[in-house]
Amino acid sequence: MHEMSVAQNIIDIVLQHLPDQNAHTVKSVNVKIGKMAGIVPDSLEFSFRVIAADTPCMIDAELKMQLVPLIIRCNGCTKETNIDDPVFMCPGCNSADVTVLSGTELQVSEIEIEDTT
Ligand SMILES: [Zn+2]
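Since the model is a prediction, treat every value here as computed from it, not as a measurement.

Focus on the packing of helix 1 (residues 2-17) against helix 2 (residues 41-52)
- At a minimum axis separation of 8 Å, helix 1 and helix 2 run at an interaxial angle of 55 degrees. With respect to their mutual orientation, helix 1 and helix 2 come out oblique. Handedness of the crossing formed by helix 1 with helix 2: right-handed. When helix 1 is examined against helix 2, the residues Glu3, Met4, Val6, Ala7, Gln8, Ile10 and Ile11 are found in contact with a partner set consisting of Ser43, Leu44, Ser47, Phe48, Val50, Ile51 and Ala52.
- When its residues are assigned to classes, the contact of helix 1 with helix 2 shows 10 nonpolar, 3 polar and 1 charged.

As for the coordination of the zinc ion
- The zinc ion binds to the protein through Cys74 (SG), Cys77 (SG), Cys90 (SG) and Cys93 (SG), with metal-donor distances spanning 2.3 Å.
- Taken together, the 4 donor atoms surrounding the zinc ion define angles of 104 to 118 degrees at the centre, an arrangement classified as tetrahedral.
- The sequence pattern describing where the donors of the zinc ion fall on their chain is C-x2-C-x12-C-x2-C. Within this pair, whereas Cys74 is found in strand 3 (residues 71-74), its partner Cys93 is found in the loop between strand 4 (80-82) and strand 5 (98-102), the two being separated by 19 residues in sequence.
- Residue classification places Cys74 among the buried residues on the basis of a relative accessible area of 2%.

What counts, and at which threshold
- Residues numbered from 1 in each chain as written.
- Predicted model: local features only at pLDDT ≥ 70, side-chain atom pairs only at ≥ 80, totals over all residues.
- Heavy atoms only, no water.
- Axes fitted to C-alpha atoms, helices over the stretch in contact; angles between N-to-C directions.
- Helix = DSSP H or I, 4+ residues; strand = E, 2+ residues; numbered from the N terminus.
- Parallel < 35°, antiparallel > 145°, perpendicular 65-115°, else oblique.
- Left-handed = near helix turned anticlockwise from the far one by under 90°.
- Contact = heavy atoms within 4.5 Å.
- Nonpolar A, V, L, I, M, F, W, Y, C, P; charged D, E, K, R; others polar.
- Donors = N, O, S within 2.8 Å, 3.2 Å for Na, K, Ca; no water.
- Tetrahedral: all angles 85-135°; square planar, octahedral: opposite > 155°, others 65-115°.
- Buried < 20%, exposed > 50% of the residue type's maximum accessible area, 1.4 Å probe, protein only.

This is the structure:
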C-alpha cells in the first residue's frame with residue numbers, strides 16, 4: 001500500500017526533528033496533503049496508526065491532515081482556478097498552458113512535542 005510508505009516517511013521526518021526520543025513524546029503531526037498528491041486520507045490515517053503503535057514516542061500522536069486544493073494559473077490570461085478534476089485547462093480561455101500552484105504537495109508542516117517528565 002502506497003500510504004504505508006508515506007506514513008513511514010512522515011514518521012521518519014518527525015523522529016529526525018525530535019530532540020530526544022526518550023524525553024519527549026509527539027502530541028500531534030500536521031501534514032499538508034495536496035488533492036493531487038494521490039493520498040487517500042483514511043488509508044494514511046490507518047497506516048500512520050499502525051506504525052505509530054510501534055514507535056513509543058508516537059503512540060498517542062494525532063495525525064492532523066490539511067487538504068490543499070488544486071489550483072492552477074493560466075500562463076495566457078493569468079486567471080487562477082481551483083479545479084476539482086485533474087484537467088489542466090484554463091476555463092477562462094481554454095489554454096492548456098497552465099502552471100500548477102498548489103495541490104501536489106505532501107509535507108509535514110508542524111510537529112507538536114510534549115515533555116514526558
Ligand atoms: Zn486562461
